[in-house]
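# Tertiary structure, described
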Amino acid sequence: SSGINAEYGGWVSINHKTKNKTVFLPEKEFKCTNSTACFNMDTITWEPVYTEGYEDALPRSRAGHASAAVNSRLFIISGRDGYHRAYNNQTCFKDMWFLETDKPPLPNRVQLIRASTSTLEICWIPVVTADAYLLQIQKLDNSESTNDWFDVAVVKGNSLVVSHHHSRPSSEDIEENKPIERLELAPGTTYRFRIAAINACGRGEFSEAAAFKTCVPGFPGAPSSIRISKGNDGAHLAWDPPANANGNISEYSVYLAIKNSQSTDSPSSLAFVLVYRGDSPSCTVKTTSLQNAHVDQTNKPAIIFRIAAKNEKGYGPATQVRWLQDTKSSSNKRPADKMS
């Protein structure tokens, strides 16, 4: 990474310990090591890379290897594993490893897949250098003035169905032998989520928070499995009905984020206009409407849609999707990136 020069392995001399002192024998015996350190060229200091708990994931001791730094990872290629330099029975490697030399970068916002009365299924774009993610939640309730964040889980993948969280704020120290209670998600309640990526070097910064609301009992859930493709006449959208319709779905509404002189890329500041209302789980948004669309730039350029379903009781929560825009290609297929 910028300003970092990483070093791994090599030959080190063997010091023979006697009863009272350590004796250094120059040019006699050497062994290979798998020690790792980073030279910070900004501070002109060596910084050790802590590998406690990751010993099984480290390359074997070696020398004569090649290494290359790619972003914050140090790739170790080939080398030989001779324990003593004086011996001729060294084994050459033909493997390749990588070592982390820095904490993971800031992740993107958490995205919503679907909501129910008691769960929120969320996902996020994977961070290349992350081994896991710490997910935290914050309840938005006008009757409560607390700004505490609560741990949900440490997740290996990049999606999770959230139904509960720890009752103790993440800022508090955990008391030994005291159980941590779980708090279930409440219906019709808004929650904020944030994640931080974790690897062998530690935990990175938390992402920008994203807010989602659980469904109110009796109302339909959000449509799912959004598909968007590009046609000559505009964007063709299709989706699946809510998994929890709570009755018969009578109609759907599709909204498009449009250009606004006061709008930013923040979801709360976007202006939306109705571009479809009907009973079919598909529609076409004309090119003339897309010309007025707001192009979100928070990650990759994307046009934002919201789709909601209605039953006998009314409209449920909307699913928001980002239709990625590729300015270098005229491909007919464009993915829909779900988000809050």
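Rules behind the numbers
Residues numbered from 1 in each chain as written. Predicted model: local features only at pLDDT ≥ 70, side-chain atom pairs only at ≥ 80, totals over all residues. Heavy atoms only, no water. Salt bridge = Lys/Arg side-chain N within 4 Å of Asp/Glu carboxyl O. Helix = DSSP H or I, 4+ residues; strand = E, 2+ residues; numbered from the N terminus. Buried < 20%, exposed > 50% of the residue type's maximum accessible area, 1.4 Å probe, protein only. Pairing = 2+ DSSP bridges. Axes fitted to C-alpha atoms, helices over the stretch in contact; angles between N-to-C directions. Core = buried A, V, L, I, M, F, W, Y, C linked by side-chain atoms within 4.5 Å. Contact = heavy atoms within 4.5 Å. pLDDT = per-residue confidence, 0-100. Phe/Tyr/Trp six-rings, centres within 6.5 Å; stacked < 30°, edge-to-face > 60°. Polar contact = N/O pair within 3.5 Å; in protein donor to acceptor, adjacent residues only side chain to side chain.

### Things to note about the pattern of salt bridges
A complete count under the given rule lists 5 salt bridges for this structure. In this structure, the salt-bridge partner of Arg182 is Glu184, at a minimum N-O distance of 4.0 Å. Note that Arg322 and Asp296 form a salt bridge whose closest N and O atoms lie 2.9 Å from each other. Of this pair, Arg322 sits in strand β26 (residues 319–324) while Asp296 sits in strand β24 (residues 295–296), and the two are 26 residues apart along the sequence. As far as burial versus exposure is concerned, Arg322 and Asp296 are alike and both buried.

### Concerning the sheet that holds strand β8 (residues 96–100)
Strand order across the open sheet formed by 3 strands is β6-β7-β8, with antiparallel pairing between neighbours. In the strand order of this sheet, the two ends are held by β6 (66–70) and β8, each with one partner. On average, each strand axis in the sheet is inclined to that of its neighbour by 25°, with strand direction left out of account. Sheet analysis places β6 next to strand β7 (residues 73–77), joined by 5 bridges and oriented antiparallel. Paired with Val70 across the bridge in β7 is Arg73.

### Regarding the nonpolar core
Judged by nonpolar contacts, the single largest core of 23 residues is most densely connected at Leu120, Ile122, Leu135, Phe193 and Phe212. Element by element, the count of residues in this core is highest for strand β16 (residues 190–199), at 4 residues. In this structure, Leu237, Trp239, Cys283 and Ala309 belong to the second largest nonpolar core, which totals 19 residues.

### Points about the environment of Ala68
Its location among the elements puts Ala68 in strand β6. In this structure the C-alpha to C-alpha distance between Ala68 and Phe98, which are 30 residues apart in sequence, comes to 9.2 Å. Setting aside residues no more than four positions away along its own chain, Ala68 makes contact with Arg73, Leu74 and Phe75.

### Notes on the sheet that holds strand β9 (residues 111–115)
Strand order in the open sheet formed by 3 strands is β9-β10-β13, with antiparallel pairing between adjacent strands. What marks the edges here is a single partner per strand, and that holds for β9 and β13 (159–162). For this sheet, the mean angle separating the axes of adjacent strands, direction not counted, is 20°. As paired strands, strand β10 (residues 120–123) and β13 are joined by 4 bridges and run antiparallel to one another.

### Some details on the side chain of His165
In this structure, His165 sits in strand β14 (residues 164–166). Looking at His165, the relative accessible area reads 6%, which means it is buried. Not counting the four nearest positions on each side in its chain, His165 is found in contact with Ile137, Phe150, Asp151, Val152, Glu181, Arg182, Leu183 and Leu185.

### Points about the confidence of the model for the chain
Low-pLDDT portions of the prediction should not be read for the details of their coordinates. With 75% of its residues at a pLDDT of at least 70, the chain reaches an overall mean of 79. Here residues 329–335 is modelled with pLDDT under 50, and outside its nearest four sequence neighbours on either side it reaches 11 contacts, counting other chains as well.

### Details of the packing of aromatic side chains
On inspection of all chains with the given rule, the structure shows 5 aromatic pairs. A connected cluster of aromatic rings, assembled from ring pairs, spans Trp239, Tyr252 and Tyr276.

### A closer look at the side chain of Ser116
Residue placement: Ser116 occurs in the loop between β9 and β10. Here the side chain of Ser116 touches Thr119 through a polar contact of 2.5 Å, side chain to side chain. Sequence-distant contacts of Ser116, defined by excluding residues within four places in its chain, comprise Thr214, Cys215 and Asn244.

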